[in-house]
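# Commentary on secondary and tertiary structure
The chain contents come next:
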Amino acid sequence: MLLSVYCFAQERVNHNDIYIKGKLAYNKADNNLFTGIAESRTGKGHLTYQEEYKDGYKTKYTLYYNGDTVIVANEIIYHDKSDIKKRETGYSSDGRRTWYTEYDVTGSKILKETYVDSKLVYSCEYSNNKKHGKEFCISKEGDGLTKYYENGKKVAKQ
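Below: a short report on this structure. (Residues numbered from 1 in each chain as written. Predicted model: local features only at pLDDT ≥ 70, side-chain atom pairs only at ≥ 80, totals over all residues. Heavy atoms only, no water.)

### As for the overall build of the chain
Rules: Elements are defined by DSSP. Helices are runs of H or I of four residues or more, strands are runs of E of two residues or more, and each kind is numbered from the N terminus. Each residue's exposure class comes from its accessible area (1.4 Å probe, protein chains only) as a fraction of the maximum for that residue type: buried when under 20%, exposed when over 50%, partly exposed otherwise. Note on contacts: a residue pair qualifies if any of its non-hydrogen atoms lie within 4.5 Å across the two residues. Every accessible area reported is derived by Shrake-Rupley at a probe size of 1.4 Å, with residue values counting cover from the shown protein chains alone.
Each helix and strand counted, the chain has 0 helices and 14 strands in total. The secondary structure elements of the chain, listed N-terminal to C-terminal, are β-β-β-β-β-β-β-β-β-β-β-β-β-β. Dimensions of the chain, computed from the C-alpha atoms along their principal axes, are close to 60 × 50 × 35 Å. Taking all 158 residues of the chain together, the buried fraction comes to 32%. Contacts spanning at least 24 positions in sequence make up 11% of the contacts within the chain whose residues lie at least 6 apart. Taken as a whole, the chain presents about 10800 Å² of accessible surface, with 49% of it coming from carbon and sulfur.

This is the structure we're talking about:
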């Protein structure tokens with residue numbers, strides 16, 4: 001049995017060590033397209049955000065809560081070789097709530113969901129940034145409510 005393990009180290013730099021030209025990130029040290037992680041820290045060393053790049057294109061952005069521990073507040077994944085969001089995820093500081101928004105290749109919202117304690121409490125489909133399709137939510141009483149939309153307008157139950 002032959003086992004191979006490949007490990008690619010990513011360069012980790014201060015955000016000030018890169019520059020943006022057009023829509024691409026370059027490393028100031030060698031003026032080459034940047035692949036790696038650019039991060040920003042407070043004067044006390046707390047990580048505030050980081051951006052991941054591949055061949056100059058931003059692939060991911062992560063924002064952190066400003067606290068004693070490193071906790072993700074918001075994360076954005078980008079469509080390949082684009083500055084258009086693919087998926088944005090938000091997290092509550094206590095870890096109980098998570099919300100997602102998904103986008104198509106044009107940047108139009110297509111789905112929004114919210115979870116509390118890993119349970120779906122809200123979901124809504126979109127087309128051209130307008131509610132389109134099923135919207136589902138859990139009422140304060142715990143009942144599931146469903147509405148339907150076409151091009152942003154509420155329609156009769158299907």
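### A short note on the sheet that holds strand β12 (residues 130-138)
Pairing between sheet strands relies on hydrogen bonds along the backbone, with the strands arranged either parallel or antiparallel. For clarity, the cut-off: Whether two strands pair comes down to DSSP finding at least two bridges between them. Simply put, an axis is a line fit to the C-alpha atoms, just over the touching stretch for a helix, and the angle between two N-to-C directions goes from 0 to 180 degrees.
The strand order across the open sheet built from 12 strands is β1-β4-β5-β6-β7-β8-β9-β10-β11-β12-β13-β14, with neighbouring strands paired in mixed fashion. At either margin of the open sheet sits one strand with a lone partner, and together these are β1 (11-14) and β14 (153-155). The mean angle between the axes of side-by-side strands here comes to 15°, regardless of whether they run parallel or antiparallel. Two elements, strand β4 (residues 36-41) and strand β5 (residues 47-54), share 6 bridges in a ladder whose sense is antiparallel. Bridge pairing in β5 places G36 opposite Y53.

### Section: the packing of aromatic side chains
We apply this condition: When the centres of two rings from Phe, Tyr and Trp lie within 6.5 Å, Trp using its six-membered ring, the rings pair. Their planes under 30 degrees apart give stacked, over 60 give edge-to-face, and anything left gives tilted.
Tallied over the full model, the rule gives 4 aromatic pairs. Here F34 and Y53 contribute two aromatic rings whose centre-to-centre distance is 5.8 Å and whose plane-to-plane angle is 65°, an arrangement assigned as edge-to-face. In this pair, F34 is assigned in the loop between β3 (24-27) and β4 and Y53 in strand β5, connecting sequence segments 19 residues apart. Judged by its relative accessible area of 0%, F34 is buried. On the accessibility criterion, Y53 (4% relative accessible area) is buried. Geometrically, the ring pair formed by Y100 and Y115 is edge-to-face, given 5.7 Å between the ring centres and 80° between the ring planes.

### Observations regarding the pairing of β12
As defined by bridge partners, strand β11 (residues 119-127) adjoins β12 across 5 bridges and the pair is classed as antiparallel. Of the residues in β12, the one forming a bridge with S127 is K130. The antiparallel hairpin formed by β11 and β12 contains 2 residues in its connecting segment, where N128 sits at a positive phi of about 50°. Where β12 hands over to strand β13 (residues 144-150), the hairpin turn is made up of 5 residues, of which G142 adopts a positive phi near 95°.

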